[in-house]
Amino acid sequence: MKKWMKNILCITCAALVLCLMPSSAWARERTRGVLTNEEGKKVSLDYTGNVIEWWYDENGVLMDKSYQAADGTSVTEYYDEYGDLKIVEKAYDGTDGAYIRDTYDANGLLQEKHYSYDAEKKYIDEYYDEEGYIVGKNYEYIAADGKKTNEHYDESGLLTSKRTAVSDSETVIEYYDESGTVTEKEYEHSYTDENGNYAYETYDENKVLTDFINTGKYDIRRDFHLTNSPSMDILISSNLERL
């Protein structure tokens, strides 16, 4: 058989193999028809019948693409302003009833894993380094009394801080040492300012100056808590008493 005939035969076989390939990244990119082509959005079908949604900015640059993988996982790919892949999110149902969302960088390295237990009102976020080790963890839940709590753990699994919303506008923040002992406690007051913007104030356990500003009362008859806050929040403020 002549050489040129062998080359044609090889090319034909390769094309046949590609046509017979199962669902894959290559197959997903091939569409058999556009269902809708609205402004900024295109919906297509791949050769397995799965729907692919493409979203574009006003300049026609691809922003994100979502589809369902062969194993049922929902995949969303996010792109930067140059059209290069930036983040990949994969969402699926876990065996323990959790809804799981994994976030990968453009190189396929796991950055974050999110667990959502809606029935229990519980959420867990795990953060990973480039070697795949957990470097931080957030644990958020709503207690039976309706208070929302957020706990943060370090790479060793030790609790470092905890935020508890005691009301719609008041939050208690506790910091822990390696033995699990509370070393400092802060209070956060959130409100809407005169311009309609969200704002918040943070103060320590003594709250002398804060209580004076909020209530107009200067009262030193309270327990003193040793904190890392500035000296302006001591029990007896000479500058305040001069007013």
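Small disclaimer: the values here were computed from a predicted structure and weren't measured.

Looking only at helices and strands, the protein chain features 4 helices and 15 strands. Within the protein chain, buried positions represent 29% of all 243 residues. Accessible area of the protein chain: about 16500 Å², with a carbon and sulfur share of 51%.

What follows concerns the nonpolar core. Counting residues in hydrophobic clusters, the biggest one holds 9 residues: Ile52, Trp54, Leu62, Tyr67, Ala69, Val75, Tyr79, Val88 and Tyr104. If you list the elements that add at least two residues to this core, you get strand S3 (51–56), strand S4 (62–68) and strand S5 (74–79). Once you skip the residues sitting within four places of it in the chain, Tyr104 turns out to touch Lys86, Ile87, Val88, Lys90, Leu109, Leu110 and Gln111. Membership of the second largest hydrophobic core comes to 5 residues, among which are Ile100, Tyr115, Tyr117 and Ile124.

Scanning the entire structure with this criterion turns up 6 salt bridges. Here Glu77 ties to Lys65 by a salt bridge, and the two come within 3.7 Å at their closest N and O atoms. Of the two residues, Glu77 is situated in strand S5 and Lys65 in strand S4; the sequence distance between them amounts to 12 residues. Take Lys65: its relative accessible area is 3%, and that puts it in the buried class.

Okay, the side chain of Glu174 next. Relative to the helices and strands, Glu174 resides in strand S13 (residues 170–176). Within the structure, the side chain of Glu174 is placed 2.8 Å from the side chain of Tyr176, a separation counted as a polar contact. Excluding residues that lie within four positions of it along the chain, Glu174 makes contacts with Thr160, Ser161, Lys162, Val182, Glu184 and Lys185.

Let's shift gears to the environment of Ala165. On the secondary structure map, Ala165 appears in strand S12 (residues 159–165). A relative accessible area of 24% places Ala165 in the partly exposed class. Those residues within four positions of Ala165 in sequence are excluded, and the remaining contacts are Lys147, Lys148, Glu170 and Thr171.

Turning our attention to the environment of Leu62. On the secondary structure map, Leu62 appears in strand S4. By relative accessible area, Leu62 is classed as buried at 16%. For Leu62 and Lys41, which are 21 residues apart along the polypeptide, the C-alpha to C-alpha distance reads 9.5 Å. Setting aside residues no more than four positions away along its own chain, Leu62 makes contact with Trp54, Trp55, Tyr56, Tyr79, Asp80 and Gly83.

A word on the environment of Tyr117. Looking at where Tyr117 falls in the secondary structure, it is placed in strand S8 (residues 110–117). If near-sequence neighbours (up to four positions away) are discounted, Tyr117 is found in contact with Asp96, Ala98, Lys122 and Ile124. Within the structure, Tyr117 has its side chain in polar contact with the side chain of Asp96 (distance 2.7 Å).

Turning to the pairing of S3, a few remarks are in order. Moving residue by residue along a regular strand, the side chains alternate between the two faces of the sheet. Pairing of S3 with S4, which is carried by 4 bridges, proceeds in the antiparallel orientation. Paired with Trp55 across the two strands is Asp64, which belongs to S4. Hairpin connection, S3 to S4: the antiparallel pair is bridged by 5 residues, and Gly60 has positive phi, about 80°.

What follows covers the packing of aromatic side chains. Two descriptors summarise a pair of aromatic rings, namely the distance from one centre to the other and the angle between the planes of the rings. What the rule picks out here adds up to 1 aromatic pair. Aromatic pair Tyr139 and Tyr141: ring centres 5.1 Å apart, planes at 40°, arrangement tilted. Owing to a relative accessible area of 22%, Tyr141 belongs among the partly exposed residues under this scheme. Over the ring of Tyr104 we find Lys90, and its NZ or CZ is 5.3 Å from the ring centre. Positioned over the ring face of Tyr117 is Lys122, at 4.7 Å from the centre of the ring.

A few words now on the confidence of the model for the protein chain. Across the protein chain, pLDDT averages 75, with 64% of residues at or above 70. Low pLDDT (under 50) marks residues 6–32, which in the prediction has 24 contacts with non-local residues, meaning those over four places away or in another chain.

This paragraph deals with the side chain of Thr103. Take Thr103: it is sitting in strand S7 (residues 99–105). Ignoring sequence-local partners within four residues, the contact set of Thr103 consists of Ile87, Val88, Glu89, Leu109, Leu110, Gln111 and Glu112.

How each quantity is defined
- Residues numbered from 1 in each chain as written.
- Predicted model: local features only at pLDDT ≥ 70, side-chain atom pairs only at ≥ 80, totals over all residues.
- Heavy atoms only, no water.
- Helix = DSSP H or I, 4+ residues; strand = E, 2+ residues; numbered from the N terminus.
- Buried < 20%, exposed > 50% of the residue type's maximum accessible area, 1.4 Å probe, protein only.
- Areas by Shrake-Rupley, 256 points an atom, 1.4 Å probe, with all protein chains shown as cover.
- Core = buried A, V, L, I, M, F, W, Y, C linked by side-chain atoms within 4.5 Å.
- Contact = heavy atoms within 4.5 Å.
- Salt bridge = Lys/Arg side-chain N within 4 Å of Asp/Glu carboxyl O.
- Polar contact = N/O pair within 3.5 Å; in protein donor to acceptor, adjacent residues only side chain to side chain.
- Pairing = 2+ DSSP bridges.
- Phe/Tyr/Trp six-rings, centres within 6.5 Å; stacked < 30°, edge-to-face > 60°.
- Lys NZ or Arg CZ within 6 Å of the ring centre and 35° of its normal.
- pLDDT = per-residue confidence, 0-100.

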